[in-house]
Each structure stands twice: as structure tokens, then as C-alpha cells.
Amino acid sequence: MLLAAVFGAVIGLSVGLLGAGGSILAVPALVYGVGQPLSTAIPTALVVVAASSIGGLSSRARLRAAQWPVALVFGAAGLPGTFAGTALGREFPQRWLLLGFAALMVVVAVRMFTGNDEHTGACRMPDGGIDHRRCLPKSAAAGAGVGVLTGLFGVGGGFVVVPALSVLLGLAAPQAVATSLVVVLINASSGLFAHLGTAGGLDVGVLIAFAGTAMLVSVAAGRFAARLPATAVRRAFACVVLVVALGVGISSALSLSTVG
């Protein structure tokens, strides 16, 4: 129970500060830290991510900064992808899914470490506004891809949504983070619905400790996010993700060699 609370604090800190990244650590924490099977860890992680997203959105500044039309496009496009990813995930053994998850974590870590804070998307209009219609196809495609990842691995996809909002739409950092939190909440909720078949096996105690801590910490982190250097925070978190990815990858590879 204590470990679940500690891991929840880390996830809440990530989501509160970055608007992304929490879900990429939630599944490994539940599988290797708490000892849950992947089939239970994924829906549990989705509840945790949804709770931390709500916490991150609790401030008035975040609610005002969120671009709701954009978030709804991303979320709606991700709904069918979430169910497709869930169905796909049931076709693979846990060890292969974890190996794929480790590879995804490496990609995320590299993207977070090398990303920049410039927001000059092609959809920004001369007056500084966003031409939503112009970028609707790209936004929908990105949303569908995030939905598949949500269903397959139990991730909210904020690590994809934040850069997509910056590059495709040109949203400023506060807008991208706040909008990402809305998208992650939508994706996590739809992903949990897609995984309802395994919800009966959830450990309620672990879930409450994990999700409750994540929400409380994300609320606090969201209030201090603007005072911290975004690049330094993002790169520090990328290093943590990379270390965890190596651990998950090695464990999964050893499992495969043992089976083979």
C-alpha cells in the first residue's frame, strides 16, 4: 500500500508539471513495484491517470488555458482506437506487451529529452489564433493513434498529445499542457470502459492509495508548474523514464529467453 502511494506521488508530479508522462510509469510501477499482472495493472493505471488529470486541471488557470474544441477532436478520434488497441492487446502474451511497452518508453524518453519549448505550429493564424479546421485531419489522426496506445498499453498518451498540439496547432506551453490533460482524461476514461472485463480483479486498496495520492500531488504540482524551468523538469523526467524502460526491457527479454 505504501509503495502504491509513493508511485502515485511520482505519477501525480509528472502529470501536474508536464501534462504528460504519468501513465508511462504507472503500468511498470504496478507490475514490478506492486506485483500486479498486466491485465489488472492496465485498468488500474487508467484510473490513476484519469484521477491525476482531474487534479492537474483543478486550477482556474488550467481550465481557462485548455482549448476544449481541440481536446474534443483528439478525444473523439481516440475512442475507436482505444477499443481497437484493447482487442489487439488481448492477442499478445504479457511478456511481449511489456517488451513493446519498454520500446515505447525509450521513444518517449528520447522525445522528452530532445524536445524544445518552441511552439510555432503550421496552424497558427497571423493574429495568433488557431485555425482548427485546417489541422482537423492531422489532429484526428494523432488522436486515433493515441487511442490505440491507450487501449494497448494503458497509457493516456499525453507524451504524444503535448508535442502534437505544439507542432500541429502551435499552442503555447500552458495551452498545450492544459489541453493535453483534457485529452488524457477522455482517453483514460474510454480505455477503462474498454477494459471493463478485467475491472472485477482490481485491488481497491491499491487503487485508492495510488489514485488518491496521484490526484493530490498533481493538484499541488499544477500550482507550481509555471515557476519551474520546463526544459529541466522534462529532461529529468525523461532520464527516469529511460532507466525504468531499461529495467522493463531487460526483465521482459530475460522472460522471453527463459520461455524459449
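Shown above is the structure to which this text applies.
Residues numbered from 1 in each chain as written. Predicted model: local features only at pLDDT ≥ 70, side-chain atom pairs only at ≥ 80, totals over all residues. Heavy atoms only, no water.

### Regarding the overall build of the protein chain
Put simply, the rule is: Here a strand is any run of E in DSSP of at least two residues, a helix any run of H or I of at least four, and the numbering for each starts at the N terminus. When accessible area is computed with a 1.4 Å probe and restricted to protein chains, residues below 20% of their type maximum are described as buried, those above 50% as exposed, and intermediate ones as partly exposed. Contacts are assigned to residue pairs that have any heavy atoms within 4.5 Å of one another. Accessible areas in this description were obtained via Shrake-Rupley with a 1.4 Å probe; residue shielding takes into account the shown protein chains only.
The helix and strand inventory of the protein chain stands at 11 helices and zero strands. Helices and strands in the protein chain line up, N terminus first, as α-α-α-α-α-α-α-α-α-α-α. Residue burial in the protein chain is summarised as follows: out of 260 residues, 51% are buried. Sequence-distant contacts, at least 24 apart, represent 86% of the contacts inside the protein chain between residues at least 6 apart. Taken as a whole, the protein chain presents about 11300 Å² of accessible surface, with 71% of it coming from carbon and sulfur.

### A few points about the layout of surface pockets
A probe matching the size of a water molecule, rolled over the atoms, marks out where space remains unfilled. Rule in force here: Buriedness of a pocket was judged along seven lines, with at least five required to meet protein on both sides within 12 Å; pockets are open sets of points on a 1 Å grid over the protein atoms alone, cavities are sets where a 1.4 Å probe fits but cannot get out, and lining residues have an atom within 4 Å of a point. Grid points are joined across faces, edges and corners, and a volume is the space filled by probe spheres set on the points.
As a volume, the second largest pocket reaches approximately 190 Å³. Lining the second largest pocket are 14 residues, with Ser39, Ile42, Gly89, Arg90 and His195 positioned closest to its centre. Those elements that provide at least two residues to the lining of the second largest pocket are helix H3 (38–56), helix H5 (68–89), helix H6 (94–114) and helix H7 (136–153). Considering each element in turn, the lining of the second largest pocket owes the most residues, three residues, to H3.

### Overview of the nonpolar core
Using the following cut-off: Definition used in this section: a nonpolar core is a set of buried Ala, Val, Leu, Ile, Met, Phe, Trp, Tyr and Cys residues joined via side-chain atoms within 4.5 Å.
Counting 60 residues, the largest nonpolar core has Ile11, Ile24, Phe74 and Leu165 as its most contacted members. Looking at which element gives the most residues to this core, the answer is H3, with nine residues.

### Structural notes on the packing of H5 against H7
Geometrically, a packed helix pair is captured by the angle between its two axes and the distance between the axes. The condition that has to hold: Each axis is a line fitted through C-alpha atoms, and for a helix only the stretch in contact is used; angles between axes span 0 to 180 degrees, taken between their N-to-C directions. Rotating anticlockwise by less than a right angle from the far helix to the near helix defines a left-handed crossing, while the corresponding clockwise rotation defines a right-handed one. Nonpolar residues are Ala, Val, Leu, Ile, Met, Phe, Trp, Tyr, Cys and Pro. Charged residues are Asp, Glu, Lys and Arg, and all others, Gly as well, are polar.
Contact geometry for H5 and H7: axes closest at 6 Å, N-to-C directions at 35 degrees. Between H5 and H7 lies a crossing of right-handed hand. Where H5 abuts H7, its residues Val73, Phe74, Ala77, Gly78, Gly81, Thr82, Gly85, Thr86, Leu88 and Gly89 lie against Leu136, Ser139, Ala140, Ala142, Gly143, Ala144, Gly147, Val148, Thr150, Gly151 and Leu152. Within the contact of H5 with H7, the residues separate by chemical class into 10 nonpolar, 11 polar and no charged.

### With respect to the environment of Leu99
Considering the arrangement of structural elements, one finds Leu99 in helix H6. Taking the C-alpha atoms as reference, Leu99 lies 9.8 Å from Ser255; in sequence the two are 156 residues apart.

### Some thoughts on the packing of aromatic side chains
The condition is simple: Each aromatic pair joins two rings of Phe, Tyr and Trp (for Trp, the six-membered one) with centres within 6.5 Å, and gets the label stacked for planes under 30 degrees apart, edge-to-face for over 60, and tilted for any other angle.
A full pass over the atoms with the stated rule returns one aromatic pair. Arranged with centres 6.0 Å apart and planes meeting at 75 degrees, the rings of Phe83 and Phe193 form a pair that is edge-to-face. Within this pair, whereas Phe83 is found in helix H5, its partner Phe193 is found in helix H9 (residues 173–194), the two being separated by 110 residues in sequence. Looking at Phe193, the relative accessible area reads 54%, which means it is exposed.

It is worth stressing that arrangement in space is one thing and function is another; only the former is reported here.
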